[in-house]
Amino acid sequence: MTSHTAIPQLIGFVLEDQTELTLADLCRACATQANVVIELVDEGLIVPSGPTPEYWRFTGLHMQRALVALRLQEDLGVNLAGAALALQLLEELETLRSRLRVLEET
């Protein structure tokens with residue numbers, strides 16, 4: 001007899017830049033409260049479209065940035081200004097890595 005082990009399935013979806021999330025959606029995705037997301041917006045870490053929180057719309061990129069900022073706060077005790085700087089540096093590093101990959105291909 002052959003033993004078959006069940007393979008667990010991971011169910012999820014990819015959030016693209018075109019995906020629109022409400023404030024409530026972003027809070028659920030990041031497992032945080034609205035006031036925390038509002039602080040991220042106030043600090044300039046994420047910039048939603050829309051005039052006020054009830055009309056704000058976020059993208060998958062906003063969600064990624066929020067998750068990184070929240071993790072920096074929770075894991076390393078970094079304040080929001082520090083998280084903003086870290087995110088900027090991480091993005092610059094990724095840009096440089098992309099440029100390096102292009103140069104290596106030529």
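Scroll up for the structure.
The structure reproduced in this document is the subject of the present report. Just so you know, the residues in each chain are numbered from 1, in the order the chain's sequence is written. Totals for whole chains, interfaces and linings use all residues, but because this is a predicted model, local features are given only for residues with pLDDT of at least 70 and pairs of side-chain atoms are given and counted only at 80 or more. The basis for the side-chain values is all heavy atoms of the structure; hydrogens and waters are excluded.

Description of the overall build of the protein chain
Along its length, the protein chain carries 4 helices and 0 strands. Numbering of helices and strands starts at the N terminus; helices are DSSP runs of H or I of at least 4 residues and strands are runs of E of at least 2. Its helices and strands in sequence order give the protein chain the pattern α-α-α-α, from N to C terminus. Three labels apply to residues, based on accessible area from a 1.4 Å probe with only protein chains included: buried if under 20% of the type maximum, exposed if over 50%, partly exposed otherwise in between. Here the protein chain, with 106 residues, has 25% of them falling under the buried criterion. Within the protein chain, residue pairs in contact and separated by at least 24 positions form 53% of the contacts whose partners lie at least 6 positions apart. In this description, accessible areas are obtained by the Shrake-Rupley approach with a 1.4 Å probe, and a residue is regarded as covered only by the protein chains that are shown. Carbon and sulfur atoms make up 57% of the accessible area of the protein chain, which amounts to about 8000 Å² in all. Working rule for contacts: check all heavy atoms of both residues, and any pair within 4.5 Å makes them a contact.

Section: the packing of helix α3 (residues 60-76) against helix α4 (residues 80-105)
Contact geometry for α3 and α4: axes closest at 9 Å, N-to-C directions at 125 degrees. Accordingly, the angle class assigned to the pair α3 and α4 is oblique. Remark: the crossing between α3 and α4 carries right-handed chirality. Facing Arg 65, Val 68, Ala 69, Leu 72 and Gln 73 of α3, the residues of α4 in contact are Leu 80, Ala 83, Ala 86, Leu 87, Leu 90 and Glu 91. When grouped by side-chain class, the residues that make up the contact of α3 with α4 number 8 nonpolar, 1 polar and 2 charged. Each axis is a line fitted through C-alpha atoms, taken for helices only over the stretch in contact, and angles between the N-to-C directions span 0 to 180 degrees. The cut-offs work like this: below 35 degrees is roughly parallel, past 145 is roughly antiparallel, 65 to 115 is roughly perpendicular, and the gaps in between are oblique. Crossing handedness: left-handed means the near helix sits turned counterclockwise from the far one by under a right angle, and right-handed means the same turn made clockwise. Note on residue categories: nonpolar means Ala, Val, Leu, Ile, Met, Phe, Trp, Tyr, Cys or Pro, charged means Asp, Glu, Lys or Arg, and polar means any other residue, Gly included.

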